[in-house]
Amino acid sequence: MTAAAPAQPAAASSQEERILDAALVCIARWGLTKTGLDDVAREAGVSRATVYRAFPGGKDAVTEAVARTELARFFAAVGGQLAAADTLEDALTSGITEAGARIASHGALRTVVSFEPEEILPLLAFGRMDQVLAVCTAFAAPHLARFLDQATAAQVAEWAARVVVSYSSWPSVDVDLTDERSVRRLVRQLFLPALATSGSTP
Amino acid sequence: MRTRILEAAYACVARWGLAKTSVEDAAREAGVSRATVYRHFPGGKDELLAGVVDFEVLRFFGRLAEAVQGSTNLIEVTEASLEFAHRSLEEHVVLHQVLRSEPQLLVPRITDATNRLHPVVRQFLEPYVAAEAASGRLRPGLDPRMAADYVARMALSYANAAGRWDLGDREQVRTLARLVLGGVVTVPSSR
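If you're wondering where the values come from, they're calculated on a predicted model, not measured in any experiment.

1. Focus: the interface of chain A and chain B
So, step 1. At the interface, 35 residues of chain A touch 37 residues of chain B.
So, step 2. A combined buried area of about 3,100 Å² lies between chain A and chain B, and 62% of that area is made up of carbon and sulfur atoms.
So, step 3. When the buried surface of chain A facing chain B is broken down by residue, A:F126, A:R162 and A:W170 rank first, second and third, together holding 25% of it.
So, step 4. For the pair chain A and chain B, the interface holds 1 salt bridge.
So, step 5. Notably, a salt bridge pairs A:D174 with B:R145, separated by 2.5 Å at the nearest N-O pair.
So, step 6. Counting across the chain A and chain B interface gives 14 residue pairs in polar contact (both at pLDDT 80 or more).
So, step 7. Elements with a contribution of two residues or more to the side of chain A that touches chain B: helix 7 (117-120), helix 8 (126-144), helix 9 (150-169) and helix 10 (180-200) of chain A.
So, step 8. Here the residues of the side of chain A that touches chain B sort into 21 nonpolar, 8 polar and 6 charged.

2. Details of the environment of A:R48
Residue and element names in this part refer to chain A.
So, step 1. Summarising the element assignment, R48 is placed in helix 3 (residues 48-54).
So, step 2. With 139 residues separating them along the chain, R48 and V187 place their C-alpha atoms 48 Å apart.
So, step 3. Residues within four places of R48 in sequence aside, it is in contact with L37, D38 and A41.

3. Considering the domain arrangement of chain A
Residue and element names in this part refer to chain A.
So, step 1. Its domain assignment divides chain A into domain 1 (11-69) and domain 2 (85-202).
So, step 2. Taking only C-alpha atoms, the centre of domain 1 and the centre of domain 2 are 30 Å apart.
So, step 3. Residue-level contacts link 7 residues of domain 1 with 7 residues of domain 2.
So, step 4. For the pairing of domain 1 and domain 2, the buried interface totals around 500 Å² over both sides, and the portion due to carbon and sulfur atoms is 63%.
So, step 5. Put simply, domain 1 and domain 2 have 0 salt bridges between them.
So, step 6. Here the residues of the side of domain 1 that touches domain 2 are counted per class, giving 5 nonpolar, 2 polar and no charged.

4. Details of the packing of aromatic side chains
So, step 1. Scanning the entire structure with this criterion turns up 6 aromatic pairs over all chains.
So, step 2. With centroids separated by 5.5 Å and ring planes inclined at 75°, the aromatic side chains of A:F74 and A:F75 adopt a geometry described as edge-to-face. The same class applies to A:F74 and to A:F75, which are both buried.
So, step 3. Taking the centre distance of 5.7 Å and the plane angle of 40° together, the rings of B:F60 and B:F84 count as tilted.

5. Let's talk about the pattern of salt bridges
So, step 1. Under the definition given, this model contains 26 salt bridges over all chains.
So, step 2. Here B:R109 ties to B:D46 by a salt bridge, and the two come within 3.2 Å at their closest N and O atoms. Here B:R109 is found in helix 7 (residues 103-134), whereas its partner B:D46 is found in helix 4 (residues 45-67), with 63 residues between them in sequence.
So, step 3. The exposure class of B:D46 is exposed, given its relative accessible area of 54%.
So, step 4. Within this structure, A:E89, A:D90, A:E180, A:R184 and A:R188 form a network of salt bridges that share partners.

6. Considering the nonpolar core
So, step 1. If you look at the biggest cluster of nonpolar residues, it comprises 109 residues, and the most contacted ones within it are A:L144, A:W159, A:F191, B:L74, B:Y150 and B:V184.
So, step 2. Here this core gets 10 residues from one element, more than from any other, and that element is helix 9 of chain A.
So, step 3. The contacts of A:W159, once residues within four sequence positions are left out, are A:L190, A:F191, A:A194, B:Y150, B:M154, B:Y158, B:L179 and B:V180.
So, step 4. Among the nonpolar cores identified, the runner-up in size contains 20 residues, and A:L24, A:L32, A:A41 and A:A108 belong to it.

7. Concerning the packing of helix 1 (residues 2-16) of chain B against helix 6 (residues 93-101) of chain B
Residue and element names in this part refer to chain B.
So, step 1. Two numbers describe how helix 1 lies on helix 6: the axes approach to 9 Å, and their chain directions differ by 55°. Judged by the inter-axis angle, helix 1 sits oblique to helix 6. The element helix 1 and its partner helix 6 pack so that their crossing is left-handed. Residue-level contacts link Y10, V13 and A14 of helix 1 to V94, Q97 and V98 of helix 6.
So, step 2. Tallied by class, the residues present in the contact of helix 1 with helix 6 amount to 5 nonpolar, 1 polar and no charged.

Criteria and cut-off values
- Residues numbered from 1 in each chain as written.
- Chains lettered and ligands numbered in written order.
- Predicted model: local features only at pLDDT ≥ 70, side-chain atom pairs only at ≥ 80, totals over all residues.
- Heavy atoms only, no water.
- Contact = heavy atoms within 4.5 Å.
- Buried area = accessible area lost by both parts, 1.4 Å probe.
- Salt bridge = Lys/Arg side-chain N within 4 Å of Asp/Glu carboxyl O.
- Polar contact = N/O pair within 3.5 Å; in protein donor to acceptor, adjacent residues only side chain to side chain.
- Helix = DSSP H or I, 4+ residues; strand = E, 2+ residues; numbered from the N terminus.
- Nonpolar A, V, L, I, M, F, W, Y, C, P; charged D, E, K, R; others polar.
- Domains from an automatic or database assignment.
- Phe/Tyr/Trp six-rings, centres within 6.5 Å; stacked < 30°, edge-to-face > 60°.
- Buried < 20%, exposed > 50% of the residue type's maximum accessible area, 1.4 Å probe, protein only.
- Core = buried A, V, L, I, M, F, W, Y, C linked by side-chain atoms within 4.5 Å.
- Axes fitted to C-alpha atoms, helices over the stretch in contact; angles between N-to-C directions.
- Parallel < 35°, antiparallel > 145°, perpendicular 65-115°, else oblique.
- Left-handed = near helix turned anticlockwise from the far one by under 90°.

Next up, the structure:
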């Protein structure tokens with residue numbers, strides 16, 4: 001069955017994956033600025049030329065591909081949780097927990113935020129943050145629309161994204177986004193009563 | 001003297017941006033010597049620019065506190081804060097100019113200043129939360145300190161980026177405040 005499949009694209013994509021995984025390890029260890037293509041090649045166990053063949057754009061192309069792949073992984077994981085939920089409470093709880101836990105445990109992200117905030121903070125300010133929120137909302141709203149009307153689903157998706165960004169960026173003694181019980185309490189206390197209220201108004 | 005230097009440095013930033021503003025420019029603008037600037041900002045340019053951003057952020061919150069003085073409850077103070085923040089950020093020419101040309105230099109400094117302000121905003125909101133608790137409108141089981149912290153986070157988030165909301169539209173601000181604070185206080189169903 002698999003014999004008929006062309007070997008080349010599969011090999012290339014696994015090669016790319018290996019390079020991107022290596023880049024992620026390097027970024028977690030040294031940060032974005034100090035990570036060079038030599039480091040990535042060494043970590044991946046390939047030659048510099050191989051890295052360039054896979055990513056002709058060099059370091060920028062690798063960085064961009066890492067960001068794209070990591071975002072896709074992130075949304076796939078959160079989307080899986082949202083799709084599996086049977087109630088609004090479960091959707092919000094599992095979605096926020098998955099997002100919070102992934103952000104907290106992401107080594108490369110943590111290194112960049114701690115040591116090179118200028119590389120990432122502009123994304124979370126003013127107009128750029130509007131774009132981030134729009135992407136998160138467009139992604140999560142359809143899932144929430146199973147439990148809410150369309151307009152409210154979009155509002156709540158954006159609200160939840162803000163909660164994730166805020167509690168992930170500034171530590172809190174009250175809320176731990178990596179702890180499902182803590183998130184469920186937050187959802188029960190802050191989200192659900194508000195939705196019961198707004199749902200009852202004409 | 002510190003204020004005079006900061007105001008001078010701010011004028012330079014408005015004119016030339018963050019990267020091109022030097023200690024010398026600020027000193028000349030303030031009409032003082034370089035040595036005087038260094039006495040107040042031993043870290044030189046870096047400390048001076050951090051001081052300018054802090055100064056502007058503090059000034060913003062000072063005006064905000066004045067603008068919301070007449071508010072009598074948590075929903076009102078949140079609405080007033082969002083409307084004020086929207087108006088004044090929208091009109092802040094220097095902010096937008098520097099944000100466009102030097103986001104990497106500006107944003108980490110604003111974030112830094114805002115992080116330090118988050119507890120200040122929370123403390124500012126605490127009496128409003130306490131008043132809601134006293135009048136029985138705080139949702140049962142909610143820790144007042146956690147509630148104030150949460151409202152501060154959301155206020156900062158919506159002020160930073162309005163997202164899908166138009167904070168220049170009073171009706172939308174009302175709807176937003178009732179949604180995001182609906183779990184904090186019981187909201188009267190009509191005005």
